[in-house]
Amino acid sequence: MVSDDSFIELNRRVLRANDLVSGGLRERFAHAGIRVANLISAPGTGKTELVVALGELAASAGVEMAVLVGDCATDNDARRIAASCPMVRQIVTDGLCHLEASMIGEALSGFDLAEIDLLLIENVGNLVCPSDFDLGEDLKVALLSVTEGEDKPLKYPHLFSSADLVVVTKLDLAEAAGCDLGELGANIAAVNPGALVIYTSARSGDGIGQLFKVLAVGG
Amino acid sequence: MHELSIARAIVAEVESSALEEGIATIEEVRLKVGALCGVIGDSLNFCFEIAADGTVVAGAKLAIERVPVLLWCGECERAVVPENQLLFQCPECKALCADLLSGRELEIVGYSGERRCEGVPAW
């Protein structure tokens, strides 16, 4: 009986299977002329409220916006978003803490991509896990609210360092929350020097126009 | 708990390769994990054991090589290792550096295993 101890070299990315699917999605999006943003934050940062405000702006600007929204349970967010953006679909992950590229492919079935200009993917509220999984987006967007502490980018550098864009939410609450916006900006720069940061309030409308422009047409 | 998804991806990649290569048992799977991946070793080991159960990968150990963060400092014009792995700052001139040279790796280097014995009847 002959046996042979071997070392097989693979040298491949662990998430290769996800990346193959997301690469295919990216091609489909580019072909259909769709801009795609992956919105990642902790639960409660105000992603859904922001998406509702962006939906109102898209409707008035004649931009066809679609939204995929991920949550562990319930379709509450999709129902909230539907009021301003009818092209919305809820992805219920049944407990999984992030979205993967294959879920995006499935959730898009039935949408006519040719009709869409801007696709927002609201990820499951989580600051760690979603940042590893490419969804075929143009922009990976990290969000945090003024109530979460100025040092949040330092505590969760994995996401904030890899984001293309950082969005600060609930700006209208900054004073009440005692948030030092200068310190917050410096902490974002410490983990992601040169990152574009947009300060927004879905309530007052501050920064929503600038954010919409960056998402829909770029810098 | 993205470690479970990562563990399942590792098992799937190694399992399909082992099938092609005719590997019957796997002893060790070698990984490169960057400091910025947010992957917890203990948690990954725990999830890997569960994900590998019932596959050709069952019983294999994970060997994790940690890859440190390496930055390019434009001021000093050289590669630097930041004092705090999670802050992108040059330890010499204290400039903030956006150019990441390494630290985000999440790769399967390879695996060691034993080939299926040829010519032995399968009873």
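Below is a short write-up of the structure. Keep in mind that what you see is a predicted model, and the values were worked out from it rather than measured.

A few words now on the overall build of chain A. When helices and strands are counted, chain A shows nine helices and eight strands. Expected size for 219 residues packed as a compact globule is a radius of gyration near 17 Å; at 19 Å, chain A falls within 12% of this value. By principal-axis analysis of the C-alpha atoms, chain A measures approximately 75 × 40 × 35 Å. Counting the 219 residues in chain A, one finds 54% classified as buried. Contacts spanning at least 24 positions in sequence make up 72% of the contacts within chain A whose residues lie at least 6 apart.

With that settled, consider the sheet that holds strand β5 (residues 99-102) of chain B. Adjacent strands of a sheet form backbone hydrogen bonds with each other and so pair up, either parallel or antiparallel. Residues and elements named next belong to chain B. In space, the three strands of this open sheet follow the order β4-β3-β5, with antiparallel pairing throughout. Bordering the open sheet on either side are β4 (78-80) and β5, each of which pairs with just one other strand. Within this sheet the neighbouring strands show an average axis-to-axis angle of 40°, counted without direction. Alignment of strand β3 (residues 70-73) against β5, held across three bridges, turns out to be antiparallel. Across the sheet, L70 pairs through a bridge with S102, a residue of β5.

Residue and element names in this part refer to chain A. Inspection of the sheet shows strand β3 (residues 65-71) paired to strand β4 (residues 88-92) by five bridges, in the parallel sense. Bridge pairing in β4 links D71 to V92. With helix α3 (residues 76-82) bridging β3 and its parallel neighbour β4, the resulting β-α-β unit is right-handed.

We now examine the packing of aromatic side chains. According to the stated counting rule, one finds zero aromatic pairs over all chains in the structure shown. Directly above the aromatic system of A:F111 lies the positively charged group of A:R89, at a separation of 4.3 Å from the ring centroid. The ring of A:F7 carries B:R30 above its face, with NZ or CZ at 4.1 Å from the centroid.

Moving on, we come to helix α9 (residues 208-217) of chain A. Each α-helix turn comprises 3.6 residues. Residues three or four places apart therefore point the same way. Residue and element names in this part refer to chain A. Taken as a whole, α9 has its buried residues at I208, L211, F212, V214, L215 and A216. Buried residues along α9 sit in contact with β2 (35-40), α2 (47-61), β5 (118-122), β6 (139-145), β7 (165-169) and β8 (196-199). Residue G218 follows α9 closely and has a positive phi angle near 95°.

Turning our attention to helix α4 (residues 101-108) of chain A. Residue and element names in this part refer to chain A. Residues A101, M103, I104, A107 and L108 constitute the buried set of α4. Projected onto a plane normal to the axis of α4, the buried residues spread over an arc of 155° and lie on a single side. Those residues of α4 that are buried lie in contact with α1 (16-32), β3, β4 and β5. Of the residues trailing α4, G110 is marked for its positive phi of about 100°.

Moving on to the interface of chain A and chain B. On the side of chain B, 38 residues touch chain A, which itself brings 34 residues to the contact. Taken together, both faces of the contact between chain A and chain B bury some 3000 Å²; the carbon and sulfur share is 60%. Contact with chain B buries surface across chain A, with A:F7, A:I8 and A:V14 losing the most and accounting together for 22% of the total. There are two salt bridges connecting chain A and chain B. Note that B:E13 and A:R16 form a salt bridge whose closest N and O atoms lie 2.9 Å from each other. On inspection of chain A and its partner chain B, the count reaches 15 residue pairs in polar contact (both at pLDDT 80 or more). For the side of chain A that touches chain B, the leading source of residues is strand β1 (residues 5-13) of chain A, giving nine residues.

Okay, the pairing of strand β1 (residues 23-34) of chain B next. All names here are of chain B. Of the strand pairs in this sheet, β1 and strand β6 (residues 106-115) are connected by nine bridges, and their pairing is antiparallel. Counted as the bridge partner of I26 is G113 from β6. Across seven bridges, the pairing between β1 and strand β2 (residues 61-67) is parallel. Residue pairing across strands places K32 opposite E65, the latter belonging to β2. You can see the chain leave β1, run along helix α2 (residues 41-52) and come back into β2, and the turn it takes is right-handed.

Moving on to the nonpolar core. Counting residues in each nonpolar core, the largest one holds 30 residues, and the members touching the most others are B:I10 and B:V29. Listing elements by their share of this core, those giving two or more residues are β1 of chain A together with α1 (2-21), β1, α2 and β6 of chain B. If you tally residues by element for this core, the top one is α1(B), at seven residues. Beyond its immediate chain neighbours, meaning those up to four positions away, B:V29 contacts B:I10, B:V14, B:F48, B:V57, B:A60, B:K61, B:L62, B:A63, B:I108, B:G110 and B:Y111. Formed by 29 residues, the second largest nonpolar core is a distinct cluster that contains A:L39, A:L118, A:V141 and A:L211.

Cut-offs used in this document
- Note that residues are indexed from 1 along each chain, following the sequence as it is written.
- Naming scheme: in the order in which they are written, chains are lettered from A and ligands are numbered from 1.
- Only residues with pLDDT of at least 70 are given local features in this predicted model, and only at 80 or more are side-chain atom pairs given and counted; all residues enter the totals for whole chains, interfaces and linings.
- Only heavy atoms go into the side-chain values, all of them from the structure, while hydrogens and water stay out.
- Going along the chain from the N terminus, every DSSP run of H or I of four or more residues is numbered as a helix, and every run of E of two or more is numbered as a strand.
- Using C-alpha atoms as the atom set, the radius of gyration is obtained and then compared with a globule rule of 2.2 Å times the number of residues to the power 0.38.
- Accessible area is worked out with a 1.4 Å probe on protein chains only. A residue is then buried under 20% of its type maximum, exposed over 50%, and partly exposed in between.
- Contacts are residue-level and defined by heavy atoms, with any inter-residue pair within 4.5 Å sufficient.
- Strands qualify as paired when DSSP identifies two bridges or more between them.
- To obtain an axis, a line is fitted to C-alpha atoms, over the contacting stretch when the element is a helix, and the angle between two such axes runs from 0 to 180 degrees between their N-to-C directions.
- With its strands directed away from the observer, a crossover is right-handed exactly when the path from the first strand over the helix to the second travels clockwise.
- Between rings of Phe, Tyr and Trp, where Trp is taken as its six-membered ring, a pair exists when centres lie within 6.5 Å; planes separated by under 30 degrees are stacked, by over 60 edge-to-face, and by other angles tilted.
- Criterion for a charge above a ring: Lys NZ or Arg CZ within 6 Å of the ring centre, and within 35 degrees of the ring normal.
- Working note: the arc is built from the helix axis to C-beta atom directions.
- Buried area: the accessible surface (1.4 Å probe) lost by two parts on joining, summed over both.
- Here a salt bridge means any side-chain nitrogen of Lys or Arg lying within 4 Å of a carboxyl oxygen belonging to Asp or Glu.
- Counting of polar contacts relies on pairs of N or O atoms within 3.5 Å, with two restrictions inside protein: one atom must be capable of donating a hydrogen and the other of accepting it, and residues adjacent in sequence are counted only when both atoms are side-chain atoms.
- Residues enter a nonpolar core if they are buried and are Ala, Val, Leu, Ile, Met, Phe, Trp, Tyr or Cys, with the set joined through side-chain atoms within 4.5 Å.

Without other data, these values stay purely geometric and don't point to any function.
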